[in-house]
Each structure stands twice: as structure tokens, then as C-alpha cells.
Amino acid sequence: MELRFDMQYEDAYREVYEMVKPKYKLFTAGPVACFPEVLAIMSVQMFSHRSAEAKEVHVDTLNRLKAFLEADKGEIILFPSSGTGFMEAAVRNTVPRGGKVLVTVIGAFGERFAEVVETNGRKAVILRKEPGQAVKPEELDDALRKNPDVHAVTITYNETSTGVLNPLPELAKVVHEHDKLLFVDAVSAMGGADIKFDEWGIDLVFASSQKAFGVPPGLAVAAVSERVFEIAEKMPERGWYFDLPLYRKFNEKKKGTPSTPPLPQIFGLNVVLRIIEKMGGKEAWLDMYRKRSEMIREGVKEMGLGILAEPGYESPTITAVVVPEGMKGIDVYNAMRERGFELAKGYGSVAEKTFRIGNMGYMTFDDIREMLDNLREVIEKLKA
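Values in this document were obtained by computation on a predicted structure and should not be read as measured data.

1. Regarding the pairing of strand E12 (residues 318–322)
Alright, step 1. The element E12 is largely enclosed, with a buried count of four among its five residues.
Alright, step 2. The sheet contact formed by strand E11 (residues 306–307) and E12 spans two bridges and is antiparallel. Bridging from a neighbouring strand, Ile307 pairs with Val321 of E12.
Alright, step 3. Here five bridges tie E12 to strand E15 (residues 354–358), and the two strands are oriented antiparallel to one another. Across the sheet, residue Ala320 finds its bridge partner in E15, namely Arg356.

Laid out in C-alpha cells, this is it:
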């Protein structure tokens, strides 16, 4: 979708457009294809982030996110960063230097959370599962019994590298039984899997704009509990850029963020939240994601390919597909790209034996059928 404007230097625009113009139908892990309505609103001319208009859209976006995440008791925070910024914020605002964090690892992004913990001077205690497996409540309970001195637990709700959805409500219950802080990486889950912040007792859940919401990258969103703020207020050296109490203060007094936010992404996210409402609400939106992912998994299985995720824990937003013996995931990726489809390469420790199919952002069921038809032909040729 190319938006056109009256331009004095259209040749400058055209030179860059030729480099970045859309060539593929996207089934990626993110960034993903954006809704036309999002691209349109993001093209409006800029204005001051301290203006009345900016304050109005900021507050409205917070309120809509609060309702979508069922976070009446939580504070919605917007960071001008990727979702990883909230990993660092969670650690620096609540865990003292040298303190321990139990990090559940079911793939590459659990590993990243552990790295964030360690590089910020804290100690990561790892509960690691094999790729494709989810963390079970009894395993988390056992790990917490063995490590009663941890300050917090991190859970990757949806592991993008393996296509596994962790059983978050059950895991959250275990964390509360041990009275620990709960940090949830929902980067590829929020907007595609249900989140009930208050009911599940989450302390901090975060995501990025470029995944299931179908907005360009550059904005991170989170819901944060009162308990986090109480601890953060007393935490020394929590930094400035990711200082959570500072963001809450700006929400309340300035109706904005401490530093300049990515206004176009906030406009785009606001539009998506309105689209969800017009589609019939949260349940209808999440049902769309469920149907997309089921369609992809069924199509892949019909080709004789395997799914990396263990049964019952499949992601609603991305599927990691296991290639047959003698075939490499990158070969499938490259062949599909030649046909005009951008899938996602395998990632992390399972990179060679998998490729991934994302179903986030703007796409139709006809797009999925077309992609599966082409994938079937690619697999047959590679097998031959």
C-alpha cells in the first residue's frame, strides 16, 4: 500500500521506496504486515507530544489497553523502545543488585531474559525446557521450592522461536503461592492470546507494537501492578529511561511520557484497538487468531510435516514447523521467498531443522490458503 502526497522532492522519496517497497506477502515473526487503517493514520503530519491532541490520544490509548488487558488495578505504561526494554525495566526497578530471578526458558527469548538479568548485575536461576516443550505448574513449583530466595519469576507466555504457548494462568497461580513477583514476556502473545492481568495476578506483562497488534515497531506497552511501583520507589540505581515510577508520574501529571514517544505508533495502536472493538470485541479478535493458527497447523500436518510445539501448547500467533530428515529450514524459507512469501527462518537452537509461519497482523484467510498451496509445492520439490 503506497500512500501518495504532494511532494517537492518526489525523486528522493522514490529512490528510497524502490529499496523498501513491498515484494512479499508476510508470514513473519515480526515486524508484520500492518492494517491499511494503521498505515493511513500514521501518515498524518506530526505535532508536539506535549500538545492537547497528543495528550488526548495518549490517555485514550491507555484506557483502551487497560480494558483489553483487563487491568483495572494495573497502570499502563508506554515505552519508546522495543519490548526488550521492559525486561530491563522489570529487573532494575524491582530486584536489588545481586538478587536472584527465576527465569523460565523454553526458547531463545527466555534466554534473552536471563541475559538481561545477568548483564544488569542480578543472578538468573534457570528453569530450562527442551525446545517445543512448555513449563508445567509442578515443575515451576519444584523450582521455587528449591530456590525460595528468588525475588521474581519470568515467564515467556508465547515463545516466538518455538511456537509454544505456556499455560500462564496455571503458572501464575504457582508464583502467587510462593509470593513472588511475576514478569510476563507477552511480546508475541499480547493481542493474539488472552491476558487477564487482574484475575491472574500479574505484576508486569509487556509486549511490542510490531507483533499481534499489527503496528510498525518502536513502541512497547505494559501493564504494571501497584506492588511493582511500591518496590521501585525504594530501589536505588533503577536508571532514568526505564524508571517505572517516573512514567506513572508523567501519565498522571503530563498525560504523556518522560521523553518523546513514537506518536505515529501510538496512533496506529489506538486505531487497532478501535478495530478490535468494531470487529465485535476481544473474544472475536482472539477467535480470529485461533482460526488462523489452526488453519496453518492443519495445512502443515496434511503435508506430512511436524509441529515443534507439544500438543496442547501450540501458539495462536506463530507455528514452528519441523522439516523432514535431509531437508533444512532455510531451504524452505528461501524457496518460499522466491515465490513471494516471506516466512520466518528457524531461530535459536532449532534454527536448522525448523522454519516458522507467523499469522500476526494484516492478512486474510485467502492469503493463508495461497501460502499453504505454495508451501505444499515447495515441500514436494525439495523432497524430490
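So much for the structure itself; the text now carries on.
2. Focus: empty space enclosed by the protein
Empty space left among the atoms is revealed by rolling a probe the size of a water molecule over them.
Alright, step 1. Applying the stated criterion across every chain yields a total of one cavity of 30 Å³ or more.
Alright, step 2. The space that makes up the largest cavity amounts to roughly 60 Å³.
Alright, step 3. For the lining of the largest cavity, the secondary structure elements donating two or more residues are helix H3 (52–68) and helix H11 (263–279).
Alright, step 4. Top element by residues in the lining of the largest cavity is H3. It accounts for three residues.
Alright, step 5. In the lining of the largest cavity, the residues fall into four nonpolar, four polar and two charged.

3. Focus: the sheet that holds E11
Alright, step 1. Spatial strand order, E11-E12-E15-E14: four strands in an open sheet with antiparallel pairing. If you trace the sheet from one side to the other, it starts and ends with E11 and strand E14 (344–345), each paired once.

4. As for the layout of surface pockets
Alright, step 1. Taken as a whole, the second largest pocket encloses approximately 250 Å³ of empty space.
Alright, step 2. Lining the second largest pocket we find 19 residues, and of these Phe109, Arg112, Val187, Gln210 and Lys211 sit closest to its centre.
Alright, step 3. Of all the elements in the fold, those that place two or more residues in the lining of the second largest pocket are helix H4 (84–94) and helix H5 (108–119).

Thresholds applied
- Residues numbered from 1 in each chain as written.
- Predicted model: local features only at pLDDT ≥ 70, side-chain atom pairs only at ≥ 80, totals over all residues.
- Heavy atoms only, no water.
- Buried < 20%, exposed > 50% of the residue type's maximum accessible area, 1.4 Å probe, protein only.
- Helix = DSSP H or I, 4+ residues; strand = E, 2+ residues; numbered from the N terminus.
- Pairing = 2+ DSSP bridges.
- 1 Å grid on protein atoms, 1.4 Å probe; cavity = no way out; pocket = protein on both sides within 12 Å on 5 of 7 lines; lining within 4 Å.
- Points joined across faces, edges and corners; volume = space filled by probe spheres on them.
- Nonpolar A, V, L, I, M, F, W, Y, C, P; charged D, E, K, R; others polar.

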